[in-house]
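Residues per chain are reported as follows:
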Amino acid sequence: PKNKTLLSHLINQRGQNKRQMITPKHGMGALIDGLENYLITRLGKRLILNSEVKTLPVDGNTIITSPAYQAATFFNESHPELAQALLDVEYTPIISVTVFIKKSDLPINLTGIGVLIPKKENLKTLGILFNSMTFKNRVNKNTEFESFTVLLGGQRNPQLLEKSDRSIQSIINDEIKTILNIKNNPIEYKVHKWKKGIPVYSPYLVDIWKTAKQTWCANSGNILFGNYTGQVSIRGLIESANKLLISN
């Protein structure tokens, strides 16, 4: 920080609590449900849900929070340059597979948040999150299983999205034993595929932001907001939204 020496900064930091990883007790869906219930209570009949939007209002504040390729549909006629720019936002395909493994099949010393797999390992797995070791309530307290999330696809292997769930399971069975040193295959799999999962942050994305600011977003109160507009994580989006509210 400004006007602080490295030594004094480190001394001050020693007494402060470190940031902790947190998650809603019943998963990220609980966050969305909580926000919806709060808005229903606060806004009542003014809150309109599950309604198709074909045109954007001309006056007032308008915030579009859909993915870039969906937001583009609003601007085909009014701002075709912006519509094309939003369609050009590149997304990385992701396969997320939650697996359950018997505790008795895991190494005794297996702990931590997860593991990322570098490209040079020549594996199709991008990483594995240790769900139940990181967060409580991911499995029942007295269960004999642990929960993990295996990530595949990405820019490294986008073709995996075309494979069947059975083929995906087979890949996991082959690689998870090597990565985690487990004895047997997982006992259950929950496969989720996103053809357009995570936006790719590249220099071209900055040009798209400029196009938005020079066209529809040039009008006060018109805002594009999502995981392609500056932050990818839920934490980052919440912090960005807070700054947005303060500035407006």
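Residues numbered from 1 in each chain as written. Predicted model: local features only at pLDDT ≥ 70, side-chain atom pairs only at ≥ 80, totals over all residues. Heavy atoms only, no water.

Novice: In this structure, what is going on with the side chain of Thr 211? I would like to understand it.
Specialist: Looking at the secondary structure, you find Thr 211 in helix H7 (residues 203–214). With sequence-adjacent residues up to four places away left out, Thr 211 is seen in contact with Glu 81, Leu 82 and Ala 85. (Helix = DSSP H or I, 4+ residues; strand = E, 2+ residues; numbered from the N terminus. Contact = heavy atoms within 4.5 Å.)

Novice: Just checking my understanding: could you explain the sheet that holds strand E5 (residues 145–153) for this structure?
Specialist: Two orientations exist for strands paired in a sheet by backbone hydrogen bonds: parallel and antiparallel. Taken together, five strands build an open sheet; the order of strands is E3-E4-E5-E2-E6 and the sheet is antiparallel. Across the chains shown, the open sheet's two edge strands, defined by having one partner strand only, are strand E3 (114–116) and strand E6 (188–199). Going from strand to strand, the sheet's axes swing by 20 degrees on average, the running direction of each strand aside. Pairing of E3 with strand E4 (residues 125–129) involves three bridges; the strand directions are antiparallel. Paired with Gly 114 across the two strands is Leu 129, which belongs to E4. Together, strand E2 (91–102), E3, E4, E5 and E6 form the strand contacts of helix H6 (residues 165–180), whose direction differs from that of E2 by roughly 65 degrees. (Pairing = 2+ DSSP bridges. Axes fitted to C-alpha atoms, helices over the stretch in contact; angles between N-to-C directions.)

Novice: Is there a simple way to think about the side chain of Asp 105 in this case?
Specialist: Within the secondary structure, Asp 105 sits in the loop between E2 and E3. No salt bridge forms around the buried Asp 105; measuring N to O, its nearest opposite-charge neighbour Lys 183 is 5.6 Å away. Ignoring anything within four residues of it in the chain, the contact list for Asp 105 reads Asn 181, Ile 182, Lys 183 and Asn 184. (Buried < 20%, exposed > 50% of the residue type's maximum accessible area, 1.4 Å probe, protein only. Lys, Arg positive; Asp, Glu negative; His and termini not counted. Salt bridge = Lys/Arg side-chain N within 4 Å of Asp/Glu carboxyl O.)

Novice: Sorry, what's going on with the nonpolar core here?
Specialist: Nonpolar side chains in soluble globular proteins generally cluster together in the buried interior. Formed by 20 residues in total, the largest nonpolar core has its most connected members in Val 99, Phe 148, Leu 152, Ile 172, Ile 176 and Leu 180. Put simply, the parts of the chain that give this core at least two residues each are E2, E5 and H6. The residues contacting Ile 172, other than those within four sequence positions of it, are Val 97, Val 99, Val 150, Leu 152 and Tyr 189. Of all hydrophobic cores here, the second largest spans 17 residues; its members include Ala 68, Ala 83, Ile 208 and Leu 224. (Core = buried A, V, L, I, M, F, W, Y, C linked by side-chain atoms within 4.5 Å.)

Novice: In this structure, what is going on with the packing of helix H4 (residues 80–87) against H7? I would like to understand it.
Specialist: Helix-helix packing is described using two parameters, namely the angle between the two axes and the distance between the axes. Where H4 contacts H7, the axes come no closer than 10 Å and their chain directions differ by 155 degrees. By the angle between their directions, the pair H4 and H7 is classed as roughly antiparallel. For the element pair H4 and H7, the recorded crossing hand is left-handed. Note on element contacts: H7 touches H4 through Tyr 204, Ile 208, Thr 211 and Ala 212, opposite Glu 81, Leu 82, Ala 85 and Leu 86. (Parallel < 35°, antiparallel > 145°, perpendicular 65-115°, else oblique. Left-handed = near helix turned anticlockwise from the far one by under 90°.)

Novice: Just checking my understanding: could you explain H4 for this structure?
Specialist: Given 3.6 residues per helical turn, the α-helix brings residues three or four places apart onto the same face. What H4 keeps buried is the set Leu 82, Ala 83, Ala 85 and Leu 86. Down the axis of H4, the sector holding all buried residues measures 165 degrees, keeping them to one side. Along H4, exposed side chains directed more than 90 degrees from the buried face belong to Pro 80 and Glu 81. Looking at the buried residues of H4, the elements they touch are helix H3 (68–71), H7 and strand E7 (222–224). (Arc of directions from axis to C-beta.)

Novice: Would you take a moment to explain helix H2 (residues 28–43) for this structure?
Specialist: Spanning 16 residues, H2 covers 23 Å between terminal C-alpha atoms, matching the ideal 22 Å at 1.5 Å per step. Within two residues after H2, Gly 44 carries a phi angle of roughly 60 degrees, on the positive side. (Expected span 1.5 Å × (residues − 1).)

Novice: Help me understand the environment of Ile 171, please; the structure alone is not making it clear to me.
Specialist: With respect to the secondary-structure elements, Ile 171 resides in helix H6. Among the residues examined, Ile 171 registers a relative accessible area of 12% and is labelled buried. The sequence separation of Ile 171 and Leu 123 amounts to 48 residues, and the corresponding C-alpha distance is 9.4 Å.

Novice: Help me out: how do you make sense of the pattern of salt bridges in this one?
Specialist: For side chains bearing opposite charge, pairing can occur when the charged atoms are close. Counted under the stated rule, the structure contains three salt bridges. For Lys 193, the salt bridge is made with Asp 165, and the minimal N-O distance between the two is 3.6 Å. Taken as a pair, Lys 193 in strand E6 and Asp 165 in helix H6 lie far apart in primary sequence, 28 residues in all. Arg 235 is the partner of Glu 239 in a salt bridge, and the nearest nitrogen-oxygen pair spans 3.1 Å. Here the residue Glu 239 and the residue Arg 235 both occupy positions in helix H8 (residues 234–247), the gap between them amounting to four residues, near one helical turn. On the accessibility criterion, Arg 235 (48% relative accessible area) is partly exposed.

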